[in-house]
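Architecture and fold: a report
As a plain string of letters, each chain reads:
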Amino acid sequence: MMIGICDDEKKFRRQLRKLIEVHAELQGISCVTQEYESGSELLGQLPERQPDILFLDIEMPGMSGMDTARSLRASGYRMLIIFVTAYPDYVFEGYEVQAFHYILKPYQEYRIKKVLDLAARELQVQTQMYYAVEHKSGTLRLNLNQICYFKSEGRRVCSVDREGQTVLFYQKLDDVQRGLPDYFKRVHKRYLVNLNYVSRVESTRCVCSHEDIPVSRTYSHELAAAFAQMMLK
């Protein structure tokens, strides 16, 4: 995990960096911190070094933190932005750039810890929601909430979403399975289904988004148990 700190005042950057690194070490979180003196410096180093979490001071000379955030969002960067400010007057303006949180100066250690924990959990959730694949048009992020199932087709895998749209990419189905959350279950050597779209399970088939998907004997008992557990939730 990479954490960026953008603040024109060096003492605040170093203070925040120390708090972040101490807390990360105590929590066993692997992270790299990067400091930026201005919004223009930050923008100039993208996309080579894109932080996952960005602590962004609002009151900076030249390009303000809010203008920096607008530029980031306009360019498609989706990192979690945590605004740093001595004034609480910018809270509503932050909705425009989907700010994740605010921290007021002077820094309070317990608030830094709290927002870091929240951000780390949010990143984990976001990671589980998408699956990155190499496609002929470049790297694609598949929204797992929309994917009904994955199907092996020779040396390639085909993803099928709830609208019936497909994406073909070169990968083994076993490797895909290892990168998916638990609600994706193997039902056949050629199929991985999203249990959220399964409406019926039988010994030799299941119905996934109104399609019949074959179920092999190897996976039938595990699928039935997982489906029953999901129905109880």
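We now turn to the structure provided with this report. Quick caveat: nothing in here was measured; it's all calculated off a predicted structure.

Observations regarding the overall build of the protein chain
Each helix and strand counted, the protein chain has 6 helices and 15 strands in total. Whereas a compact globule of 233 residues would reach a radius of gyration of roughly 17 Å, the protein chain reaches 22 Å, over 25% beyond that. Across the 233 residues in the protein chain, those meeting the buried criterion constitute 41%. Once local pairs closer than 6 in sequence are excluded, the contacts in the protein chain between residues at least 24 apart make up 50%. Accessible surface computed for the protein chain: about 13400 Å², of which carbon and sulfur atoms make up 48%. Side chains of the protein chain carry 31 positive and 30 negative charges; the gap between the two charge centres is 8 Å.

Notes on unusual backbone geometry
At the junction of lysine 105 and proline 106, the peptide bond is cis and its omega measures out at -5° in the coordinates. Secondary-structure assignment places proline 106 in the loop between strand S5 (101-104) and helix H4 (109-129). Unusually for a residue other than glycine, glutamine 98 sits at a positive phi of about 55°. Phi is positive for serine 209, close to 50°, though the residue is something other than glycine. Mapping serine 209 onto the fold places it in the loop between strand S14 (205-208) and strand S15 (211-214). The exposure class assigned to serine 209 is partly exposed, which follows from its relative accessible area of 22%.

Concerning the packing of aromatic side chains
Following the criterion strictly, the structure yields 7 aromatic pairs and no others. Where tyrosine 149 meets tyrosine 191, the ring centres are 6.0 Å apart and the plane angle is 50°; that geometry is what we call tilted. Highlighted residues: tyrosine 149 in strand S8 (residues 147-153) and tyrosine 191 in strand S12 (residues 191-194), separated in sequence by 42 residues. Neither residue differs from the other here; tyrosine 149 and tyrosine 191 are each classed as buried. Members of the aromatic cluster, joined through ring pairs, are Tyr131, Phe150, Phe169, Tyr183 and Phe184. Here arginine 141 stacks its cationic end above the ring of tyrosine 130, 4.1 Å away from the centre of that ring.

Re the sheet that holds strand S10 (residues 166-170)
A sheet is described by the order of its strands in space; here 5 strands give the open sequence S10-S9-S8-S12-S11, paired in antiparallel fashion. If you trace the sheet from one side to the other, it starts and ends with S10 and strand S11 (184-188), each paired once. This sheet shows a mean twist of 20° between the axes of neighbouring strands, independent of strand direction. Here S8 pairs with strand S9 (residues 156-161) via 6 bridges, running antiparallel.

Looking at the side chain of histidine 23
Mapped onto the elements of the fold, histidine 23 is located in helix H1 (residues 10-27). Classification of histidine 23 by relative accessible area gives buried; the value is 4%. If we skip the residues at most four places from it in the chain, histidine 23 touches Lys113, Leu116 and Asp117.

A word on the sheet that holds S14
With respect to topology, 3 strands assemble into an open sheet ordered S13-S14-S15, the strand pairing being antiparallel. Only two strands of the sheet have a single neighbouring strand rather than two, namely strand S13 (198-201) and S15. Averaged over all neighbouring strand pairs, the angle between strand axes comes to 25°, with direction disregarded. Pairing geometry for S14 and S15, over 4 bridges, is antiparallel. Considered in S15, the bridge of cysteine 208 is made with glutamate 211.

Considering the state of the cysteines
Taken as a whole and judged by the stated rule, the model has 0 disulfides. No disulfide involves cysteine 148; its sulfur sits 5.3 Å from that of cysteine 208, the nearest cysteine. On the basis of relative accessible area, cysteine 148 is assigned to the buried category, the value being 1%. No disulfide involves cysteine 158; its sulfur sits 11 Å from the nearest other cysteine sulfur, which is in cysteine 148.

Reading the values: the criteria
Residues numbered from 1 in each chain as written. Predicted model: local features only at pLDDT ≥ 70, side-chain atom pairs only at ≥ 80, totals over all residues. Heavy atoms only, no water. Helix = DSSP H or I, 4+ residues; strand = E, 2+ residues; numbered from the N terminus. Rg over C-alpha atoms; globule rule 2.2 N^0.38 Å. Buried < 20%, exposed > 50% of the residue type's maximum accessible area, 1.4 Å probe, protein only. Contact = heavy atoms within 4.5 Å. Areas by Shrake-Rupley, 256 points an atom, 1.4 Å probe, with all protein chains shown as cover. Lys, Arg positive; Asp, Glu negative; His and termini not counted. Charge placed at Lys NZ, Arg CZ, Asp CG, Glu CD. Phe/Tyr/Trp six-rings, centres within 6.5 Å; stacked < 30°, edge-to-face > 60°. Lys NZ or Arg CZ within 6 Å of the ring centre and 35° of its normal. Pairing = 2+ DSSP bridges. Axes fitted to C-alpha atoms, helices over the stretch in contact; angles between N-to-C directions. Disulfide = S-S within 2.5 Å.

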